[in-house]
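# Observations on the three-dimensional arrangement
Letter by letter, the chains look like this.
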Amino acid sequence: MQRIFSGIQPSGIPTLGNYLGAIRNWVALQQDHECLFCVVDLHAITTWQDPATLRAATRELAASIIACGIDPRAHVLFHQSAVHAHVRLSWIFNCVARLGWLNRMTQFKDKAGKDREQVSSGLYVYPNLMAADIHAYHATRVPVGDDQRQHLELANDIGQKFNHDFGVEFFPVIEPLILGPAARVMSLRDGSKKMSKSDPSDQSRINLTDDADTIAAKIRRARTDPEPLPHEPQGLEGRPEARNLVGIMAALLDQDAAAVLREHGGKGFSAFKESLAALVVEKLEPIAAETRRLLADPGTLDSILRDGAARAAAIADPIVAEAERLVGFLKV
Ligand code: AQP
């Protein structure tokens, strides 16, 4: 069975984008893969996180992931900082990866923007930590969105350079697992920006914990254009906000945009938004309720995370210890 590593940052409450683009796919992968699901708090602090909020967000994200259908007994759910193998291997990878490789990472350029001199050095070496997350488990598959493809190629370059430098065949080649039509959910306020849990505007996203009224209000206020919906997907060209709302409905119904437009083409946005809000509420309400139930019992949640960390460490520790031996660290 192939081993899969998947991570998500506790940098806010998970959004409908995280659900449709990532967590929902993870649920399906559980059937025929050995899965590690990681709340990547080490990655989250590459940008500023308030400490108390980070602690709460780590629990909330773990609860949401379980509420979405991840089984933490059959698979491994844990938070990254609890398994030290990640940091140990990432330091080695900081010394394997070349500056030139990191300089090419478009996500760093996007996230740093004009503030390049002021962002943390952690943000710059983020892809090395991501490579360590995967290689620490000898995982061979990583479900990723298109935006993460470049980081995965870098993880392979690092693994292969390590193998070459130390004359071993130690780290396997990782394959990206691109699942279904790339569901990329965009901001409700700006159809050219992706929906993000760390977006300063709460109105830009639907949080997995939003209640029915909040969801309906956010969808009602979502930016659109004055034209009615087209009858064919080609009519969505140049209309990013319309495309986004149609895409959300299509993803939630496991349909394509053409099927949605066959039913809703010609309608104005107010009618369409009402149908969409009802659908989003129907799909997210059980997740929010289960998340609340899990969060009401933090003791049980913490014990799930503790157990997950112990099982993750049992896999990663021997692999990273062997990498350290290959590098030449003295073991006494
Ligand atoms: N808008 C989105 N549409 C589809 N997929 C998305 N993902 C994130 N946003 C969307 C997918 O969610 C997974 C986990 O992402 P992450 O938390 O590790 O970091 P991210 O991609 O940077 O997600 P956010 O929500 O935008 O976080 P912040 O605001 O902290 O940067 C990934 O598989 C990602 O593709």
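Since the model is a prediction, treat every value here as computed from it, not as a measurement.

Taken domain by domain, the protein comprises domain 1 (3-183 + 297-327) and domain 2 (209-293). Placing the centre of domain 1 and that of domain 2 at their C-alpha centroids yields a distance of 31 Å. Across the contact, 11 residues belong to domain 1 and 10 residues belong to domain 2. Here domain 1 is connected to domain 2 by 1 salt bridge.

Further remarks concern the packing of aromatic side chains. Tallying each qualifying case throughout the model produces 9 aromatic pairs. For the ring pair F93 and F171, a centre distance of 5.5 Å and an interplane angle of 75 degrees mean the geometry is edge-to-face. Here F93, found in helix α4 (residues 85-96), pairs with F171, found in the loop between α8 (149-166) and β5 (175-177); they are 78 residues apart in sequence, far enough to count as distant. Residue F93 is classed as buried on the basis of its relative accessible area, which comes to 0%. When the centroid spacing of 4.8 Å and the interplanar angle of 65 degrees are considered together, the rings of F170 and F171 count as edge-to-face. Pair check on accessibility: F170 and F171 agree, each one buried. Taken together through their ring pairs, the aromatic side chains of F93, F162, F166, F170 and F171 make up a single cluster.

Turning our eyes to something else, we now look at the side chain of S90. Among the structural elements, S90 can be located in helix α4. S90 sits in the buried class, given a relative accessible area of 11%. Filtering out sequence-adjacent residues up to four positions away, S90 remains in contact with N128, L129 and A132.

Angle between the axes and distance between the axes are the two parameters that describe a pair of packed helices. Running from amino to carboxyl end, α4 crosses helix α7 (residues 121-135) at an angle of 125 degrees, the nearest separation of the two axes being 8 Å. Put simply, α4 runs oblique to α7. Crossing handedness for the pair α4 and α7: right-handed. Contacts between α4 and α7 involve H86, L89, S90, F93 and N94 on the former and, on the latter, V125, N128, L129, A131, A132, D133 and H135. In terms of residue class, the contact of α4 with α7 is built from 6 nonpolar, 5 polar and 1 charged.

Around the ligand, the surrounding shell holds 18 residues, and the nearest of these are S11, V185, S196, K197 and S198. At 2.7 Å from a nitrogen atom of the ligand is found a main-chain nitrogen or oxygen belonging to V185. M195 places a polar main-chain atom, nitrogen or oxygen, 2.9 Å from a nitrogen atom of the ligand. About the coverage of the ligand: the protein hides 92% of its 640 Å² of free accessible area. When contributions to the shell around the ligand are tallied by element, the ones reaching two or more residues are β1 (3-8) and α1 (16-29). For the shell around the ligand, the residue count by class is 5 nonpolar, 8 polar and 5 charged.

Glancing now at unusual backbone geometry. We note that H138 has phi near 50 degrees; this positive angle belongs to a residue other than glycine. Note that H138 resides in the loop between α7 and β4 (141-143).

With that out of the way, let us pick up the pairing of strand β2 (residues 34-39). Of all 6 residues making up β2, 5 are buried, and the element is well covered by its neighbours. For the crossover that starts at β1, traverses α1 and ends in the parallel β2, the hand is right-handed.

Cut-off values and rules
- Residues numbered from 1 in each chain as written.
- Predicted model: local features only at pLDDT ≥ 70, side-chain atom pairs only at ≥ 80, totals over all residues.
- Heavy atoms only, no water.
- Domains from an automatic or database assignment.
- Contact = heavy atoms within 4.5 Å.
- Salt bridge = Lys/Arg side-chain N within 4 Å of Asp/Glu carboxyl O.
- Phe/Tyr/Trp six-rings, centres within 6.5 Å; stacked < 30°, edge-to-face > 60°.
- Helix = DSSP H or I, 4+ residues; strand = E, 2+ residues; numbered from the N terminus.
- Buried < 20%, exposed > 50% of the residue type's maximum accessible area, 1.4 Å probe, protein only.
- Axes fitted to C-alpha atoms, helices over the stretch in contact; angles between N-to-C directions.
- Parallel < 35°, antiparallel > 145°, perpendicular 65-115°, else oblique.
- Left-handed = near helix turned anticlockwise from the far one by under 90°.
- Nonpolar A, V, L, I, M, F, W, Y, C, P; charged D, E, K, R; others polar.
- Near = heavy atom within 4 Å.
- Polar contact = N/O pair within 3.5 Å; in protein donor to acceptor, adjacent residues only side chain to side chain.
- Areas by Shrake-Rupley, 256 points an atom, 1.4 Å probe, with all protein chains shown as cover.
- Right-handed = clockwise from strand over helix to strand, strands pointing away.

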